[in-house]
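# Summary of structural features
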Amino acid sequence: MEEKFRKDHCMLLNKDEENELEIFGYKVQGCRKALCIAGCILSCGALLLLFYWKPEWDVWANCIPCSLEVADVVLLRTTDEFQRYTRKKVTCIDLSTLLLPEGSKTDSPLVADKDSVINRAIMKPQLKMRCIQVQKIRYTWDFSVKEFKKVGSLEDSNTCHNIHHKFGAGLRREEQKMRQLVCGPNAIEVEIRPIWKLLFKEILNPFYVFQAFTLTLWLSQGYIEYSVAIIILSVISIGLTVYDLRQQSTKLHDLVEAHNKVEVTVCTKNEGCKKLESRYLVPGDMFLLDGKKLSLPCDAVLIDGSCIVNEGMLTGESIPVTKTPLPLTESSMPWKTHSMEDYRRHVLFCGTEVIQAKPTGRGPVRAVVLQTGFNTAKGDLVRSILYPKPMNFKLYRDAFKFIIGLSLIGVLGLIYTVCVFVYHKKPVAEVVTMALLLFTVSVPPAIPAALTTGIVYAQRRLKKKKIFCISPQRINICGQINLVCFDKTGTLTEDGLDLWGVIPSEGSRFQKIHKFPSSTPLPWGPVCGAMVSCHSLVVLDEKIQGDPLDLKMFEATHWEIEDCSTAQDGAGAFDTCIVRPGPKASTAPVEGIAILHQFPFSSGLQRMSVVTQKIGKEQYDLYMKGAPETVTSFCRQETVPANFLKELKTHTSQGFRVIALAHKVLNLGGDADVCNLKREVAESDLEFLGLLVMENRLKRETEPVLRELAAARIRSVMVTGDNLQTAVTVARSAGLVRGASRVILVEASEPEGSAPASLSWQLVEDSKANTAGPSEICVNTEEKEILEGETCNYHFAMDGKTYQIIIKHFYSLLPKILVNGTVFARMSPAQKSSLVEEFQKLNYYVGMCGDGANDCGALKMAHAGISLSEQEASVASPFTSQIPNIQCVPELIREGRAALVASFGVVKYLTLYGLIQLFGTALLFWQVQIFGNYQYLIQDVVITLLVCLTMSLTEAYPKLAPYRPPGQLISPPLLLSIVLNVCFTVVMQTCGFLLVKQQPWYTELASQRHCSLGNQTQTSTSPGGNSTTSSDDSSVLSYEDTTLWPLSSINCIIVAFVFSKGKPFRKPIYTNYVFSVLLALQLGICLFLFFADIDAVYSGMQFLCTPVIWRVYVLLMLLVTFCVSFFTEDVILQNKHLWLLLKKWFGFQSKSQYRKWQRKLQKDPNWPPLNAKDFATKNTNEVYINPIYEHNEGD
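Residues numbered from 1 in each chain as written. Predicted model: local features only at pLDDT ≥ 70, side-chain atom pairs only at ≥ 80, totals over all residues. Heavy atoms only, no water.

Just so we agree on the cut-off: UniProt positions are given in the numbering used here, feature names are shortened, and annotations may be inferred rather than shown by experiment.
The name given to the protein in an unreviewed UniProt entry is Cation-transporting ATPase, and the organism recorded there is Apteryx mantelli. UniProt annotates the protein under Sequence similarities (unreviewed entry) with the comment "Belongs to the cation transport ATPase (P-type) (TC 3.A.3) family. Type V subfamily." Note on the protein: under the UniProt heading Catalytic activity (unreviewed entry), the record states "ATP + H2O = ADP + phosphate + H(+)".

## Quick notes on the nonpolar core
In globular proteins that are soluble, nonpolar side chains generally tend to be buried together. This is how it is decided: We define a nonpolar core as any set of buried Ala, Val, Leu, Ile, Met, Phe, Trp, Tyr and Cys residues linked to one another through side-chain atoms lying within 4.5 Å. Burial classification: accessible surface area is computed with a 1.4 Å probe over protein chains only, and a residue below 20% of its type maximum counts as buried, one above 50% as exposed, and the rest as partly exposed. Where helices and strands are cited, they refer to DSSP runs of H or I of at least four residues and of E of at least two residues respectively, numbered from the N terminus. In this analysis, two residues are considered to be in contact whenever any of their non-hydrogen atoms come within 4.5 Å of each other.
Membership of the largest hydrophobic core comes to 78 residues, with the highest contact counts inside it found for Tyr909, Ile943, Val947 and Trp1045. For this core, the element with the most residues is helix H31 (residues 888–926), which contributes 15 residues. Excluding its chain neighbours within four sequence positions, the residues that come into contact with Val947 are Tyr909, Ala1056, Phe1075, Leu1078, Leu1079 and Gln1082. Membership of the second largest hydrophobic core comes to 43 residues, among which are Leu462, Val730, Ile893 and Leu960.

## Digging into the environment of Arg732
Structurally, the position occupied by Arg732 is in helix H24 (residues 724–734). By relative accessible area, which is 12% here, Arg732 ends up buried. In sequence terms Arg732 and Val743 are eleven residues apart; their C-alpha atoms lie 9.6 Å from each other.

## Examining the environment of His253
Inspection of the secondary structure puts His253 in helix H10 (residues 224–257). For His253, a relative accessible area of 19% puts it in the buried group. Each residue touching His253, except ones within four places of it in the same chain, is listed here: Val190 and Ile192.

## Observations regarding unusual backbone geometry
Geometrically, the link from Lys1063 to Pro1064 is a cis peptide bond, its omega value of 5 degrees lying close to zero. For the bond from Trp1167 to Pro1168, the omega torsion is 5 degrees, close enough to zero to count as cis. Tracing the sequence through the fold places Pro1168 in the loop between helix H40 (1153–1162) and strand E42 (1172–1175). A positive phi angle is found at Cys44, which is not glycine, with a value near 55 degrees. As for its position among the elements, Cys44 is in the loop between helix H2 (30–42) and helix H3 (46–53). Phi at Lys466 is positive, roughly 65 degrees, even though this residue is not glycine. Topologically, Lys466 is positioned in the loop between helix H16 (447–464) and strand E20 (467–469).

## Describing the state of the cysteines
Two cysteines whose sulfur atoms are joined by a covalent bond form what is called a disulfide. Threshold: Any two cysteine sulfur atoms within 2.5 Å of one another count as a disulfide.
Tallied over the full model, the rule gives one disulfide. Each sulfur of the disulfide joining Cys267 and Cys273 lies 2.0 Å from the other. Taking the sign of the torsion about the S-S bond as the criterion, the disulfide between Cys267 and Cys273, at about 90 degrees, is right-handed. Note on Cys31: no disulfide assigned, nearest cysteine sulfur contributed by Cys36 at a separation of 9.7 Å.

## Considerations on the sheet that holds strand E6 (residues 91–94)
Test applied: In this description, strands pair whenever DSSP reports at least two bridges between them. Angles here are taken between N-to-C directions and fall from 0 to 180 degrees, while the axes themselves are lines fitted to C-alpha atoms, restricted in helices to the stretch in contact.
Spatial ordering of the open sheet is given by E6-E7-E8-E9, a layout of four strands whose pairing is antiparallel. Edge strands, defined here as strands with exactly one partner in the open sheet, are E6 and strand E9 (147–150). Strand-to-strand twist of the sheet, defined as the mean angle between neighbouring strand axes without regard to direction, takes the value 45 degrees.

## So, helix H29 (residues 829–841)
Rules: Between the first and last residue of a helix there are one fewer steps than residues, each counted as 1.5 Å, and that sum is the expected span.
For H29, built from 13 residues, the straight-helix expectation of 18 Å at 1.5 Å per residue is met to within 8% by its first-to-last C-alpha distance of 19 Å. Every buried residue of H29 is accounted for by Gln831, Lys832, Ser833, Ser834, Leu835, Val836, Glu838, Phe839 and Gln840. Phi turns positive, to about 70 degrees, at Asn843, one or two residues after H29.

## A word on the pairing of strand E35 (residues 742–749)
Relative to strand E37 (residues 794–799), E35 is paired through four bridges, and the arrangement is parallel. For Ile744, the partnering residue across the bridge sits in E37 and is Phe796. Bridging between E35 and strand E36 (residues 758–763) involves six bridges; their strand directions are antiparallel. Note on E36: the bridge partner recorded for Leu745 is Gln762.

## A word on the sheet that holds strand E16 (residues 320–323)
If you trace the four strands from one edge of the open sheet to the other, you get E13-E18-E15-E16, paired in antiparallel fashion. With one partner strand each, in any of the chains shown, strand E13 (294–295) and E16 form the two edges of the open sheet.

## With respect to the pattern of salt bridges
Here is the rule we go by: Any Lys or Arg side-chain nitrogen located within 4 Å of an Asp or Glu carboxyl oxygen qualifies as a salt bridge.
Following the criterion strictly, the structure yields 30 salt bridges and no others. Between Arg179 and Glu175 there is a salt bridge, and its shortest N-O distance comes to 3.1 Å. Taken together, the positions of Arg179 and Glu175, both in helix H7 (residues 173–183) and four residues apart, correspond to about one turn of that helix. Each member of the pair, Arg179 as well as Glu175, is classed as buried. The closest approach of N and O atoms between Lys465 and Glu891, which form a salt bridge, is 3.1 Å. With Lys465 in the loop between H16 and E20 and Glu891 in helix H31, the pair connects residues that are 426 residues apart, well separated along the chain. Taking the relative accessible area as the measure of exposure, Lys465 reaches 32% and is therefore partly exposed.

## Things to note about the packing of helix H9 (residues 206–220) against helix H15 (residues 428–442)
In plain terms, the rule: Angles below 35 degrees are treated as roughly parallel, those above 145 as roughly antiparallel, those between 65 and 115 as roughly perpendicular, and all remaining angles as oblique. Crossing chirality is assigned from the near helix's rotation relative to the far helix, an anticlockwise turn below a right angle marking it left-handed and a clockwise turn marking it right-handed.
Contact geometry for H9 and H15: axes closest at 10 Å, N-to-C directions at 135 degrees. In terms of orientation, H9 and H15 fall into the oblique class. For the crossing formed where H9 meets H15, the hand is left-handed. Facing H9, whose interface residues are Phe210, Phe213, Thr214, Leu217, Trp218 and Ser220, H15 presents Thr433, Leu436, Leu437, Phe439, Thr440 and Val441.

In structure tokens form, the structure reads like this:
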């Protein structure tokens, strides 16, 4: 019973998806609610504030657990390590307001699609639906499966036949209205958040609440100047934050607003077609594409006709993509499964632009709405911006622990104050006030803000270098990156491919290579026929556009695309693209070729085909091009040359990209409908025509950048969709595989029959082709220590198919392979994301640099994804570089390291400032005294605040150090730095406090502020002098106060200087002119106030005059503190060699998973295996990856 209740009370929402959530059902209980209201009133709103910060406490206090079916409140919890809670109210949608068709029964389906979740979610006979809205997505309670299901999408269970027949003619008007009510408007509405809401949210931040409490305390004590200064600064800070958030909200609103106002032609059953605003579209609607340019307002599946679409908004590439209609088949499989991962070729995604619509003979281009609003591809991108995934970075968790630690010190100060003031028999009000005062001194509320200052300045510097960032929190994480995955084409190599040559095949033998550019044009023949017709090029605005590879191939033939239009023949209209020989082309016995139908390229199939007809001839031809291994599998084996693999390897090993061509004469009748030709039938028994060899040159910047990363001990890995042999060659020429390092090819085979899955390890033959000196092969001694014996003489290379088999059958071997895996070829987008995730599991901080097209998943998955795009900011990745080469990678790492070190420096400084002030105040409290208002004001505003604002302005050091800065605040060097500096402060202030009491001119109560002219050694007054002072002055005026103030104030300047270390992660402090000048000015002001001998200054600052010799002694104490602090920080704590030596002595070893594996493998004499074969055991721990991703996604 209890088990059943737990199951009904708690479930998973979006199971196995990226945004998976746990959902708990609760019901509000009257008496609990009444008690909570009373508690809020009695606590003057404090309980309400606590509930605002902790929504789960609000639900637990007000409600009782119950089944989700009857819950009126749900509590959502993320399933990641952060376990964040959200409270949502369950609402009801009343469908009884809709006019149901005459004679309809309430027990019959209200929606024509019987499988629709809407039918299963309606409570009868009330005609109501229970729903919740989570992150802009609506979920309704499905009574049949007893869980919340997403609405706003057409069910994936629909078959191709269902989509054509259920929705091909449109929906009924009544059903449209019902779906509109249930699914909501088809609009991606981003609210421009009202200023009062933003202000309210910012003010209720726990740190601002703590600051408000502190200020109230200060104001009650009459510290008006300081409080006003802090209030002004807080108002400016909150104002700037609110302004920034408002600007972001407005930008995003403007970006998506146009999407909501598109006019489309929608068809309904029995009512025909009419124009409608896109916000009224619902899943299942059928709309027409009339050929005009259109920004798609929803995700839709094409059911008739074809389209050319610009998907730049989704992929970052403005290459026209051809979309084909969903086939009308009787298959019982869901339509996505039927099309495998190629279902995308039938889908028009929201936000993409239809450039051209090509109707068939059956009428206009038709599409059925799949998803609306935030369920769409564009909606998903907008939601990822509105609800970013929190980054798990120790810095922020450590900062919170740090604040807790300081709070505990503050509590000790509070107890100390209570004891001292009670001992001196002070009034209770004064005891409480002073105790709270000392507590607030210990916790600088600016710590969280201080962590962001370095990020803000780094973001500004990155913007100057044309690197844009939509997730600033990740800049600090960039400082920890120790592995970067690079895409190949367009990232390491030039974006465009140059046609190097064609190797024709005749009589199953390769012929002489025809090289390009050539003085003689390519002679007419089947190869030429394939090159002029087997492409997806289109003419747009009188310019040929399409895939760069297709463009290079077509231009080499000197043919011309005459027209892409709707031509007429007896059978009706069909789309035809005509190509004709140009003036420079070789003579051909044909007037031209009409491209009648296209089977588009897809990443899963690794090929494309076209059906063509020579003008004036009846014969139909099919041409295919694609990956050589794939194309030859469709060819008759007798047409494939015996030395095919050898020829292929010859060119791929030189870094060329090779494409195979094939041909077949189609035996179709004169009135054949080529548009309905089945692909699997057409693409069989082909004749192999030859190989296209494309040259892909390395970018000029690639080698030096990879050398720089290698020198900084940052691993570089290639993750590409290209051929494995080509990838290995490019890796060698780029320097990813250095010198005489061996490349071990890992190949896996799926289990066949009774034979288990196998894994073979083979040395790549040409690995000894290059030789290098020992300096190139292994790292120097210092780096060896850093790497803790990392090996560097071999690299693993594999393709996507092998990677998938390893994950499924050899998962235990994966970490061993990954620690030395360098080349991953033929990788699909899903496999790229999976690889990044597996590297992260080994505790690598992973950067991913790609062209933003097929790398979107990996770019989002990585700690720092950098898209090389001309767009100012890409929603596909946290970082976008407008400069299209990999120079942005070291730049980003440099800035990340500088920002990280700056954040640590500011946090350390603020901690010391709080503890310096705490100890100074505690010493004065010993004799029931306190620093004066202006004394606090100079420390808090003139020194500390300005230091925090300018300390992080120091720029990144131009050279990457061969090690990373500490990644956490709670690490031995950082904690030691703080503890030792606190000890120096305590010793110095205690000495000053005790020594001043030993001076011959010292008196406990003094009132004479001015210094007598000519008498610099004696300024004592009688105790009776105190009778002229006010009670406020008596709590400030003392020789102890006059001594401790310069000691603590100048100590703050000293630690600011000491913690602003330059090399190896930042430039020297003197390059930060603002900060250097500011420190000099602050020191000057403090010395002036201390040495001024001006009555007005002493009166204002509440100082007593002391002999000059004593002031010199104070300066000497400060000088000694500076020397000791600087020496400790610079020579001991920042000494990398010393720490490495200590680690060695104490046997400390890195706990990172990849380091553990490196140490383990170094001791394994049988690793790496060579010319060996492993077999999977039956009880292998299998990790499943979607089997549809077996091949690559082209770079």
